[in-house]
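Survey of secondary and tertiary structure
So the chains spell out like this:
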Protein chains: 2
Amino acid sequence: MSVTAPLGFSAAGLTAGLKPSGTKDLSLVINTGPSDAVAAVYTSNRCKANPVLWSQKASADGHARAVVLNSGGANCYTGDFGYETTTLTAQTTAEALTAAGTDTKPEDILVCSTGLIGVGGQGFRDAILSHLPPLVAATDTTVEAGQDAAEAIMTTDTVAKTASRESTAGYTIGGMAKGAGMLAPGLATMLVVINTDAKVDQPALDQALRAATNQSFDRLDTDGCMSTNDTVILMSSGAHDAAVDTQEFTSLLREVCLDLMHQLHVDAEGAHHDIAITTRGAASEADAVEVSRSVARSALFKAAIFGEDPNWGRVVAQVGTTAAAFDPTAIDVTINGVQVCKASGPYEDPERVTFERSVDVVIDLHAGTDTATVWTSDLTHDYVEENSAYSS
Amino acid sequence: MSVTAPLGFSAAGLTAGLKPSGTKDLSLVINTGPSDAVAAVYTSNRCKANPVLWSQKASADGHARAVVLNSGGANCYTGDFGYETTTLTAQTTAEALTAAGTDTKPEDILVCSTGLIGVGGQGFRDAILSHLPPLVAATDTTVEAGQDAAEAIMTTDTVAKTASRESTAGYTIGGMAKGAGMLAPGLATMLVVINTDAKVDQPALDQALRAATNQSFDRLDTDGCMSTNDTVILMSSGAHDAAVDTQEFTSLLREVCLDLMHQLHVDAEGAHHDIAITTRGAASEADAVEVSRSVARSALFKAAIFGEDPNWGRVVAQVGTTAAAFDPTAIDVTINGVQVCKASGPYEDPERVTFERSVDVVIDLHAGTDTATVWTSDLTHDYVEENSAYSS
C-alpha cells in the first residue's frame, strides 16, 4: 500500500518517454482534501536542483495540492532554462487540475526530479509538459494507481518502495520512496512522498516529519555522497475524523520512514552486504551518530566487509577521527555477535565471525548511555562498475 | 639519494622476519651530529599506534639521535604489551649505540611501525629486538645504506621512495617515505624520515616542517582514511658549515616533501588514475582546500574517473556539501583542459575530454583569489580487491 492508502489522495504514473528503457517516468500525487497541509524537508546540499529551489518556495506557506515527480533527468545544473521547466511543470499541472474542477494555483504544486545531473533540455521539458494533462486525467484512489506512481519514480532502483501503517485510532499513513545511489545524509538521493488522512495541523505535521526523518532517512549513508535533489514531502488530507495523538502520529510516521529507509538500504547500488553500525555507550546521541557515520564512510572498512573480513582495526581507526567523547584505550567492537575487540585490543578470535547479507557492527565507547545506528553498504566491484558506467 | 645524502647521517635496513615475503622490514637512521635537533608531526587520529605515543613523548624535547622503523606490523591497538615493545625497541637500540661508542638514552630514539593494525605480539617483539644489534652494526653513510633503509619500510608500496635536494649554499636535504593506502590528511598512512646537514635550530626546523607538510603530505587524500601510525620526522645534523636562509630552507624542504608525496600518490593502492583537484578563485586557502578535498572524497566522482567519465555534475554536487564561500550558480569545472561546466551548467562537450593516467580537475569558485590542490586516486576494482583481501 502506497500514497493512496489514506483517504483523500489520488495518484497516477505513466510513461512520458524520459527514460530510454520506456518504463514509467512521470508521477502525480493529489491531495483532494479537505486539508491541504504540507511539510517538507530538502537536501542540505548548497548546489540544489531546480525542482528543489521551486518546491522550497512553494511549500513555504505550508500548503500544497499536489506533487509532480519525474525520473529520467534530475533537472539539476540546467540553469535558467531548467528552472523555467519546473515553473512550467507546476503551471501546466495547476491548469489541468483547474480544468478538471479543482481550482489550483501553480504555487500549490510541488515538483521533484531524479536521474542524471545536467539532464533537463528541450526534449525533457516537452515530454513532461505534453504528458501532464493525461497524467491528471489518469489519477485514481486505487492501490494500483499508488503502485503506478511509485514505479514512475524509479531510477536504478530494482523495486518500487512503498509502505503504510494504520493507527489504532483508524487513520492511515502511506508513502512511496525512490533511491539507490548517492545515499547520504541530508537526506540521501531520495524522493519520498508520504500521505496521511489524519487531521494534523501544519506545525505539528512539520515537527513530526523532522523528528521522523532525523532518525530514519538521515541515518542512511550508503556512499557518503549527498544528492542535489533529495526531497521528503508529507501531506495531510485530514479526511479521517479520528482524534489524533501527535506523539502516536510521530511514532507511526517514523515507522513508515524506517520501513521505506530499509527498503532503500537493501536496494543500494552494487551492495553485497547491508551494514548496520550501532554506537552505544556514547556521551550524546550526536556523538553516537558521528561515530557510526565515520565508520559508515570508511572505504577501507567497507571494502573489508565486502571481503567478509571482520577488520575491527579499521573501525577503531575511524572512531579516532571523530570529535566524540571517548577514551582511546577503552573501545569495544562486536561484529555479528563476536566481540573481536575489547578495550581497543584484540579479544575474541575474528575467525569466529560468520557473514550473511546483513552485517551488524556494535561499537561501545563506554562514555555514556546514548546510542544510534547508521546504515550503510559495503564497497564492492559492482558499486565501482555501476558508478563508473552510470552516465554512459 | 635518500636519508644518507646529507652529511652526518648513517642508515641500514635488513630482514628481521616480520613479513611473510622475507623482504627487508627493519630500518634505522642515525644522526651522528654534531646537532641532534629533531622536529616531527604525527597523525591527528585520536586512536594512535604505540610507536606514535612513544615518539611524541620522545621528540617533545626537540632532540633525537636515531629513528628505528619497521614494516610488517603496525603495533597499533596492541595494548600495554605493544607499548612495552616500543619502549624495549628504543632501549635496545640505545644500548647498542652506546656499546658502539655513542652514549645514547632510550628517549633519544624515535620508533615508527607500519603494517596491519592489531599485529604486535611476542613473535613481532622478539624478531625486532634480536635484530637491533646487527642493524646498528650494519649502519653506513653510503647511498646503498640509505636505499636499504628506504626498502625496509615498504608495505604494499611497489617501489622505495626517496628524494633529495642540494641548496645553492651547499647543504642537502634528503629523505625517504612509505605509504600506499589509507592516505588521508593528518597525514596519510605514511612514514617519512627527512634529514639535513643544514645548521637549523630546533624551533626553525619545527616551523619549516609544519609549513612544508601542510602544503604537501596533508594534501594527499587517496581514500579519505586517516592512519593511526603516520609520522614525519625531520632531523638536522648541522654537519654542513653553510649559513642557512630559513626561507630558502623551508622552500627546499617543501620541494623534497612534494617530491616524496607525488611518489606516494602515483603508487597508491589500486589506482588507475592520479587525480589533481585544484580549486581556484576561492575566498581563502582553507576554502580552496576544503572544496578540493570534498571532491577528492566523493566515491561517485572517483568511480566516474575510473570509467573515464568527465562527470562534472558529481564535482558540483560535492562543492555544494562544503561551507566554502561561493555562488551555487557561478561554478566552473574544467577537466583535462576542457571546460565542461560554466556557471554551474553544461558548457563544452564532455566528449572532447581525453584521459591518460594523470587527470587534472580545476574548479573555479569565482569568490576570491586563493588556490589549492589536493591529490587523490580513482576508485577502482583493484582498490576494492586489495582492501577486501589485505589482511587475509
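That block above? That's the structure.
All of these numbers come straight from a predicted model, not from anything done at the bench.

1. Thoughts on the overall build of chain A
Across its full length, chain A holds 10 helices and 15 strands. Relative to the compact-globule value of 21 Å for 392 residues, chain A shows a C-alpha radius of gyration of 22 Å, a close match. Counting only contacts in chain A whose residues sit at least 6 apart along the sequence, the fraction spanning at least 24 positions is 80%. Taken as a whole, chain A presents about 13,100 Å² of accessible surface, with 50% of it coming from carbon and sulfur. Distance between charge centres in chain A, computed from 23 positive and 49 negative side chains, equals 3 Å.

2. Considering the interface of chain A and chain B
With 48 residues of chain A in contact, the opposing surface of chain B contributes 48 residues. Area buried by chain A at its contact with chain B is led by A:R46, A:Y77 and A:L300, which between them contribute 19% of it. Where chain A meets chain B, there are zero salt bridges. Looking at the side of chain A that touches chain B, the elements with two or more residues in it are α8 (299–306), α9 (312–319), β13 (345–346) and α10 (381–389) of chain A. Tallied by class, residues from the side of chain A that touches chain B come to 24 nonpolar, 19 polar and five charged.

3. Comments concerning the pattern of salt bridges
The final tally for this structure, using the stated rule, is 27 salt bridges over all chains. A salt bridge links A:D259 to A:R165, with the shortest nitrogen-to-oxygen separation between them at 3.1 Å. Taken together, the residues A:D259 in helix α6 (residues 246–266) and A:R165 in strand β6 (residues 161–166) connect sequence positions 94 residues apart. Close ionic contact of B:K24 with B:E151 constitutes a salt bridge, the shortest N to O distance being 2.9 Å.

4. As for unusual backbone geometry
Note on backbone geometry: most residues besides glycine have negative phi, and most peptide bonds are trans. In the segment running from A:G33 into A:P34, the intervening peptide bond is cis, with an omega of 15°. Along the polypeptide, A:P34 turns up in the loop between β2 (26–31) and β3 (37–42). Of note, B:Y77 is a non-glycine position whose phi angle comes to about 60°, a positive value. Within the secondary structure, B:Y77 sits in the loop between β4 (66–70) and α2 (79–99).

5. Focus: the sheet that holds strand β7 (residues 172–178) of chain B
Residues and elements named next belong to chain B. If you trace the five strands from one edge of the open sheet to the other, you get β3-β9-β8-β7-β6, paired in mixed fashion. Whereas interior strands pair on both sides, the edge strands pair on one side only; in this sheet they are β3 (37–42) and β6 (161–166). Put simply, the sheet's adjacent strands are angled 10° from each other on average, direction ignored. Sheet analysis places strand β8 (residues 191–196) next to strand β9 (residues 231–236), joined by six bridges and oriented parallel. Within the sheet, the bridge partner assigned to T196 lies in β9 and is S236. Strand contacts of helix α6 (residues 246–266): β6, β7, β8 and β9, with the helix running at about 160° to β6, the strand carrying the most contacts.

6. What to know about the packing of helix α2 (residues 79–99) of chain A against helix α3 (residues 122–138) of chain A
Residue and element names in this part refer to chain A. Between α2 and α3, the least distance of the axes is 9 Å, while the angle of their chain directions is 15°. Regarding the angle of α2 to α3, the classification is roughly parallel. The hand of the α2/α3 crossing is right-handed. Contacts from F81, E84, T85, L88, T89, T92, T93, A96 and L97 of α2 reach α3 at Q122, F124, R125, I128, L129, L132, P133 and V136. Residue composition of the contact of α2 with α3, by class: 10 nonpolar, five polar and two charged.

7. Quick notes on the packing of aromatic side chains
Applying the stated criterion to the full structure yields four aromatic pairs over all chains. Judged by centre distance (6.2 Å) and plane angle (35°), the rings of A:W312 and B:Y77 are tilted. Of this pair, A:W312 sits in helix α9 while B:Y77 is found in the loop between β4 and α2, placing the two residues in two different chains. Look at A:W312 and you get buried, because its relative accessible area is 8%. Residue class for B:Y77 comes out buried when judged on its relative accessible area of 5%. Ring centres 5.9 Å apart and planes at 50° place the aromatic pair B:Y171 and B:F249 in the tilted group. Here B:Y171 is found in the loop between β6 and β7, whereas its partner B:F249 is found in helix α6, with 78 residues between them in sequence. By relative accessible area, which is 1% here, B:Y171 ends up buried. For B:F249, a relative accessible area of 1% gives the class buried. Residue placement shows A:R46 over the ring face of B:F326; its charged tip is 4.0 Å from the ring centre. Here the basic side chain of B:R125 rests over the ring of B:F81, its NZ or CZ set 3.7 Å away from the ring centre.

What counts, and at which threshold
Residues numbered from 1 in each chain as written. Chains lettered and ligands numbered in written order. Predicted model: local features only at pLDDT ≥ 70, side-chain atom pairs only at ≥ 80, totals over all residues. Heavy atoms only, no water. Helix = DSSP H or I, 4+ residues; strand = E, 2+ residues; numbered from the N terminus. Rg over C-alpha atoms; globule rule 2.2 N^0.38 Å. Contact = heavy atoms within 4.5 Å. Areas by Shrake-Rupley, 256 points an atom, 1.4 Å probe, with all protein chains shown as cover. Lys, Arg positive; Asp, Glu negative; His and termini not counted. Charge placed at Lys NZ, Arg CZ, Asp CG, Glu CD. Buried area = accessible area lost by both parts, 1.4 Å probe. Salt bridge = Lys/Arg side-chain N within 4 Å of Asp/Glu carboxyl O. Nonpolar A, V, L, I, M, F, W, Y, C, P; charged D, E, K, R; others polar. Pairing = 2+ DSSP bridges. Axes fitted to C-alpha atoms, helices over the stretch in contact; angles between N-to-C directions. Parallel < 35°, antiparallel > 145°, perpendicular 65-115°, else oblique. Left-handed = near helix turned anticlockwise from the far one by under 90°. Phe/Tyr/Trp six-rings, centres within 6.5 Å; stacked < 30°, edge-to-face > 60°. Buried < 20%, exposed > 50% of the residue type's maximum accessible area, 1.4 Å probe, protein only. Lys NZ or Arg CZ within 6 Å of the ring centre and 35° of its normal.

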